Structure formats: C-alpha cells, structure tokens
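Residue strings, one per chain:
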Amino acid sequence: MTATSRPSQNVIMPDKDRFLGEENPFEAMMSRFDFAAKTLNLEPGLYKILRHPEKQIIVSVPVQRDNGEVDVYTGYRVLYNTSRGPAKGGIRFDLQVTLDEVKALAAWMTWKCAVVNLPFGGAKGGVVCDPSTMSNAELEKLTRRYTSAIIETLGPDSDVPAPDVNTNERVMAWVMDTYSMHKRHTVTAVVTGKPVEMGGSLGRREATGRGCMIVTREALKKLGMKLQGTKVVVQGFGNVGSIAAELMEREGMTIIAVSDKSGGIYNPKGLVVADVLAHVRQNKFLKGYPKAQAISNEEILELPCDVLVPAALENVITAKNAGNIKAKIICEGANGPTTAGADKILNEKGIFVIPDILANAGGVTVSYFEWVQDRGGYFWDEETVNNRLERIMVRSFGEVTSMADRYKVDNRIGAYMLAIDRVAAVHRLRGMYA
Ligand code: NAD
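Only a predicted model underlies this, so the values are computations on that prediction, with no experimental measurement involved.

How each quantity is defined
Counting starts from 1 at the beginning of each chain's written sequence and moves along it residue by residue. Only residues with pLDDT of 70 or above have their local features reported here, since the model is predicted, and side-chain atom pairs are shown and tallied only from 80 upward, although totals for entire chains, interfaces and linings are computed over all residues. Calculated side-chain values reflect all of the structure's heavy atoms, with hydrogen atoms and water omitted. Neighbouring residues are identified by heavy atoms, a residue being near a molecule or strand if any of them is within 4 Å of it. N or O atoms closer than or at 3.5 Å make up a polar contact, with two conditions inside protein: a donor-capable atom paired with an acceptor-capable one, and, for residues adjacent in sequence, both atoms drawn from side chains. The Shrake-Rupley method, run with a 1.4 Å probe sphere, supplies the accessible areas, and residue values consider only the shown protein chains as cover. Classification convention: Asp, Glu, Lys, Arg as charged; Ala, Val, Leu, Ile, Met, Phe, Trp, Tyr, Cys, Pro as nonpolar; all other residues, Gly among them, as polar. A cavity here means a set of points on a 1 Å grid, drawn over the protein atoms and nothing else, where a 1.4 Å probe fits but cannot get out; a pocket is an open set with protein on both sides within 12 Å along at least five of seven lines, and a residue lines either one if it has an atom within 4 Å of a point. Grid points are joined across faces, edges and corners, and a volume is the space filled by probe spheres set on the points. Numbering of helices and strands starts at the N terminus; helices are DSSP runs of H or I of at least 4 residues and strands are runs of E of at least 2. Two strands form a pair only when DSSP identifies at least two bridges running between them. Angles here are taken between N-to-C directions and fall from 0 to 180 degrees, while the axes themselves are lines fitted to C-alpha atoms, restricted in helices to the stretch in contact. Two residues qualify as a contact provided that any one of their heavy atoms is within 4.5 Å of a heavy atom in the partner residue. A residue's pLDDT is the predictor's confidence in that residue, given on a scale from 0 to 100. In this scheme Phe, Tyr and Trp rings, the latter by its six-membered ring, pair at centre separations within 6.5 Å, and the angle between planes marks the pair as stacked below 30 degrees, edge-to-face above 60, and tilted otherwise. Burial here depends on accessible area, computed with a 1.4 Å probe over protein chains only, as a share of the maximum for the residue type. Under 20% is buried, over 50% is exposed, and the range in between is partly exposed. Comment: the charge-over-ring label is applied if NZ (Lys) or CZ (Arg) is within 6 Å of the ring centre and within 35 degrees of the ring normal. Definition used in this section: a nonpolar core is a set of buried Ala, Val, Leu, Ile, Met, Phe, Trp, Tyr and Cys residues joined via side-chain atoms within 4.5 Å. Between 65 and 115 degrees an angle is taken as roughly perpendicular, under 35 as roughly parallel, over 145 as roughly antiparallel, and anywhere else as oblique. When the near helix sits turned anticlockwise from the far one by under a right angle, the crossing is termed left-handed; a clockwise turn instead gives a right-handed crossing.

**Comments concerning the site of the ligand**
(1) Moving on: In the neighbourhood of the ligand, 18 residues make up the surrounding shell, with Thr208, Asn239, Val240, Lys261 and Asn335 lying closest.
(2) Moving on: A distance of 3.0 Å is found between a nitrogen atom of the ligand and a side-chain nitrogen or oxygen belonging to Asn297.
(3) Moving on: Protein coverage of the free-state accessible area of the ligand, which is 830 Å², stands at 72%.
(4) Moving on: Here the shell around the ligand is composed, by residue class, of 6 nonpolar, 9 polar and 3 charged.

**Digging into the layout of surface pockets**
(1) Moving on: Here the second largest pocket defines a volume of roughly 370 Å³.
(2) Moving on: Counting residues per element, the ones that place at least two in the lining of the second largest pocket are helix 2 (44-50), strand 2 (70-81) and helix 14 (411-430).
(3) Moving on: Per-element accounting of the lining of the second largest pocket gives the leading share, 3 residues, to helix 14.
(4) Moving on: Of the residues contributing to the lining of the second largest pocket, the split by class is 6 nonpolar, 6 polar and 3 charged.

**Describing the sheet that holds strand 11 (residues 329-331)**
(1) Moving on: Reading across from one edge, 9-8-7-6-10-11-12 is the order of the 7 strands in this open sheet, with mixed pairing throughout. Where the open sheet ends on each side, the last strands, each with one partner, are strand 9 (293-295) and strand 12 (352-354). For this sheet, the mean angle separating the axes of adjacent strands, direction not counted, is 20 degrees.

**Some remarks on the sheet that holds strand 3 (residues 87-93)**
(1) Moving on: Taken in spatial order, the 5 strands make up an open sheet running 1-2-4-3-5, and their pairing is mixed. The sheet is open, and its two edges are formed by strand 1 (55-64) and strand 5 (159-163), each paired on a single side. Neighbour to neighbour, the strand axes of the sheet diverge by 20 degrees on average, direction disregarded.
(2) Moving on: Of the strand pairs in this sheet, strand 2 and strand 4 (residues 121-127) are connected by 6 bridges, and their pairing is antiparallel. What sits directly across from Arg77, in strand 4, is Gly125.
(3) Moving on: Along the sheet face, helix 3 (residues 99-115) touches strand 1, strand 2, strand 3 and strand 4 and points at about 150 degrees away from the line of strand 4.

**A few points about the confidence of the model for the protein**
Interpreting fine coordinate detail is not advised for predicted regions of low pLDDT.
(1) Moving on: On average, residues of the protein score 94 in pLDDT, and 95% of them are at 70 or above.
(2) Moving on: The low-confidence segment residues 1-20, where pLDDT is below 50, has 24 contacts with residues more than four positions distant or belonging to other chains.

**Comments concerning the packing of aromatic side chains**
(1) Moving on: Summed over all chains, the structure comprises 9 aromatic pairs.
(2) Moving on: Plain terms: the ring middles of Tyr80 and Trp111 are 6.1 Å apart, the flat faces sit at 70 degrees to each other, and that makes the pair edge-to-face. Taken together, the residues Tyr80 in strand 2 and Trp111 in helix 3 connect sequence positions 31 residues apart. The two residues Tyr80 and Trp111 agree in class, both being buried.
(3) Moving on: Here a set of aromatic residues connected by ring pairs shows up, and it is made of Phe120, Tyr368, Phe369, Trp371 and Trp380.
(4) Moving on: One cation-aromatic arrangement involves Lys103 over Phe26; the distance from NZ or CZ to the ring centre is 4.5 Å.
(5) Moving on: Its guanidinium or amino end placed over the ring of Trp380, Arg388 lies 4.4 Å from that ring's centre, counting from NZ or CZ.

**Some words on the nonpolar core**
(1) Moving on: Counting residues in each nonpolar core, the largest one holds 93 residues, and the members touching the most others are Met29, Phe33 and Trp111.
(2) Moving on: Beyond its immediate sequence surroundings of up to four residues, Trp111 is in contact with Met29, Phe33, Leu50, Tyr80, Ile357, Tyr416, Ala419, Ile420 and Val423.
(3) Moving on: Counting 25 residues, the second largest nonpolar core, distinct from the first, contains Val61, Ile151, Val171 and Val190.

**What about the side chain of Thr401?**
(1) Moving on: Among the structural elements, Thr401 can be located in helix 13 (residues 382-407).
(2) Moving on: Judged by its relative accessible area of 5%, Thr401 is buried.
(3) Moving on: For Thr401, the side chain forms a polar contact with the main-chain oxygen of Gly398, separated by 3.2 Å.
(4) Moving on: The residues touching Thr401, leaving out its near neighbours within four places in the chain, are Lys222, Phe352 and Asn411.

**Focus on the packing of helix 1 (residues 25-40) against helix 14**
(1) Moving on: With their axes 9 Å apart at the nearest point, helix 1 and helix 14 run at an angle of 70 degrees to one another. When the axis of helix 1 is compared with that of helix 14, the two are roughly perpendicular. Every pair of crossing elements has a handedness; the one defined by helix 1 and helix 14 is right-handed. Residues Met29, Arg32, Phe33, Phe35, Ala36, Ala37, Thr39 and Leu40 of helix 1 form the contact with helix 14, whose participating residues are Arg412, Ile413, Tyr416, Met417, Ile420 and Asp421.
(2) Moving on: Of the residues that constitute the contact of helix 1 with helix 14, the class distribution is 10 nonpolar, 1 polar and 3 charged.

**Side note on the pairing of strand 5**
(1) Moving on: With 4 of its 5 residues buried, strand 5 lies for the most part within the structure.
(2) Moving on: Where strand 3 and strand 5 come together, 5 bridges link them in parallel fashion. Looking at strand 5, one finds that Ala87 is bridged to Asp159.

Following this line, the structure appears as structure tokens:
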C-alpha cells in the first residue's frame, strides 16, 4: 500500500485483515461496538485502543489422569481492558472454548461492568476440556494447575475470576486456595462466586435472575404494560432462567413456557414454577413434566407471549427466526443470545430488547458486592444485598434507555454507547503511558 492510498488515521477503520464468520462471537461483539463508537463520534485513537484486548495469555495445562496417563489442555485468560479497575470475568471449562470466544466474552465483561458503573475492567478465561468426562480429582488438578499458570495476572487488585459455563463455587474455592497457598496467606477477594462459608455473598446465586426480573419490571412500566398476568416464556431453566421465572411469578407475571436441554413445556394458562422445579430436582430435566404440553426449543421462542427470556445459549435468535418472534419484550438473560442480523429485524418489529450487558448484569453486580465485603471483612445481610442490587439495576435501566432515546438508537446500542463513553472517559483522564 502506498503512502497516498493509506486510509486516513483520523477515521474509524475496523480491522479487515482477517475474515470472521457472522456468528463468530468477537465479530458479533465488534459489529455493535463499531456502530456505537461511530454514533458516539469516538476519537480514532481511542477507538483503536478499545478494539484491542490489553493482554491475552495462552497456557498449556498438564494433568495426570486417574489412570496414570498425562493429558495437556489449552487454557486462556484475556484481560480486555483494565482502565476502570481490576479485570473481572468468569472461567469456563468447555470443549467449545476458543481464543476468539474468550476475547469476545472479555470485551462484553468490560462493557457490562461499565454499563452498571462498577469499578472493574473486563476479563474472561477458559480451558478447552470436557469436564463431564473428568473425575472430581482431575478437575481439581486442572483448576489448580491452570490457576498457577496464570497466577501473575490474578489478584484482588488486578484480575478477579468468577464461575462461568461448567465451573461453580467448588471450582472457585480451589482457585482461591491455590492463589492463597502461593501468597502464603488467605486471600478471599481473588475470586467471586465462592461458597458463602468462605467469603461468598448472600444473594449471589439468585443475583442474575433477580436482575432480569427487575429490568423486565422496569421495561413493562416504561411501555405502560401491567405486571399482573404478563405472559412470560423462558428458554433455559438453569441458574438464570429458573430464578428469573420464580421471581417473575412472585411479582404477578404468568410463566407459560420454560425449556432446558431436554426440550420445553408449555401451558398457556400458566405453570407453577415451584412444581416445575420440584420435577427437575427429582428427574434432572423438564422432559416428562405431566401438567403441560411438550414443545421444542425452537418453537418456544416463537410462542405468543409478552416477555421472552433467552437464558441458555448464544446465537439462538438469528435472522432466520427473528421475524417469527411474537414477544413485545426480550430480556437477554444469556450472553449473546441474539445475532447482529436479528437485531435489525427485532427493531423493525418494534420489539423492546433489554440487552445482555444490562439484563444479566445482576450477577457481576453482586460479585462486586462480594469483592467489597471480602476486602472490608464485613458481611451484609441478604436484604441489604438485594436492595443495593435493585438500586443499581433500576438506575442502569434508566441510563441505558435515556441514551437510546437521546441518540434514537436501540437499547443494545444505547448500552454499548453508555459503556464505551464511560471507559473512554477514564482513558482520556488517565492519558497514555508511553
Ligand atoms: P446453567 O448451566 O445453570 O443453565 C443453563 C440452562 O440452559 C440449563 O437449563 C440447560 O439445560 C439449558 N440449555 C442448554 N442447552 C440448551 C438448549 N440447546 N436449548 C435450551 N436450553 C438449553 O447456566 P446459567 O448460569 O443459568 O447461564 C445461562 C446463560 O446466562 C449463559 O449464557 C451464561 O453465560 C449467562 N449468564 C449467567 C450468569 C450467572 O450468574 N449464572 C451471569 C451472566 C450471564
């Protein structure tokens, strides 16, 4: 390329040096980021900085299996941006983990923490493995060796992991113990989502579902719709979906359908969530629940309802099915359930989308409370946790929708704009270390 044909340094130019598929998670995140950055008129220099992860770590994690053989797993930790504070983001154990996915999730964590105005940056970690084929002892070895491989980045002031897909309180306890053994003293604030007995927070388990309920209530209020009898469909009946369903029902909404890996159940008159939960406790899955009709995971998304809560996987609402969605409100409990192609169609249909980086931010908000409690050594009762969470979710909902109204963009772009604006403001104040 000659000097004259070089693109101007003063315009925002997305990287086009490699091809990324439409459903590539990093591309899905970046297509929204680009639009929001342009609408905000972000300076090109800052645009370039925010489009690149700060640090990407790749490690090999050897584990001696129970049968004596050695396997070596690949692990990642990406710190996307730490301008606002320590990096925050989960660790997932999954065969689908790739560096692009971890990068996208780390960027999402950056924007999510900024949307709810927490003093955190964003990170994510993952190990490519199939935990369902590993014993508890093997998982513990994997966790401890991965933790020690990335230990230089970890710390309450630098990088604070949490549970994500296929990791849980148990895994966080091993991360915390490994880190503490290296430091020669107990450091509870190095991870969140820990068991309550060892520095976890009350209300953390319910926090993401509770956040979904709160922002849905705010959306109904904004659209002039009543809570009582609002018909809700929930895809995914795990931590987020089942708790959102339970709390929405408690507020007076009617849950007409839910689904999990085994398929969905539908009763247009309404399900009794406690009864469905009892069935799942006994049978592990929803399949076979007697007081409703069976429905597939694809059909459930297209049911006539007021609120749809995708709370399972990425990329379930796409350009292919968005036109068939009948909900008036979509509350994104899962991360990345809607593709960029679907956004356009949902907008045209006038569906009010509460984007993931706002809708499911209740989890990281209570993780922040956990970190604060660990550092202060003073623990709050559950009512205090829930009240503080509610204040943050209500305020953030108002800030995102005001941004969207002001710039005449959808809520997702409004949320990205709010987040990018907050991260960019800190970069301007801090200046660039050279
Ligand atoms: P989970 O493992 O507890 O539950 C996942 C649920 O989805 C299960 O009921 C599972 O059966 C169901 N599922 C799996 N494949 C499915 C399919 N093909 N169709 C329908 N359902 C399917 O996980 P979770 O913690 O509830 O997380 C769900 C989503 O929410 C993920 O995208 C996660 O990243 C996101 N999220 C979770 C939290 C949190 O605090 N747990 C916070 C923010 C975002």
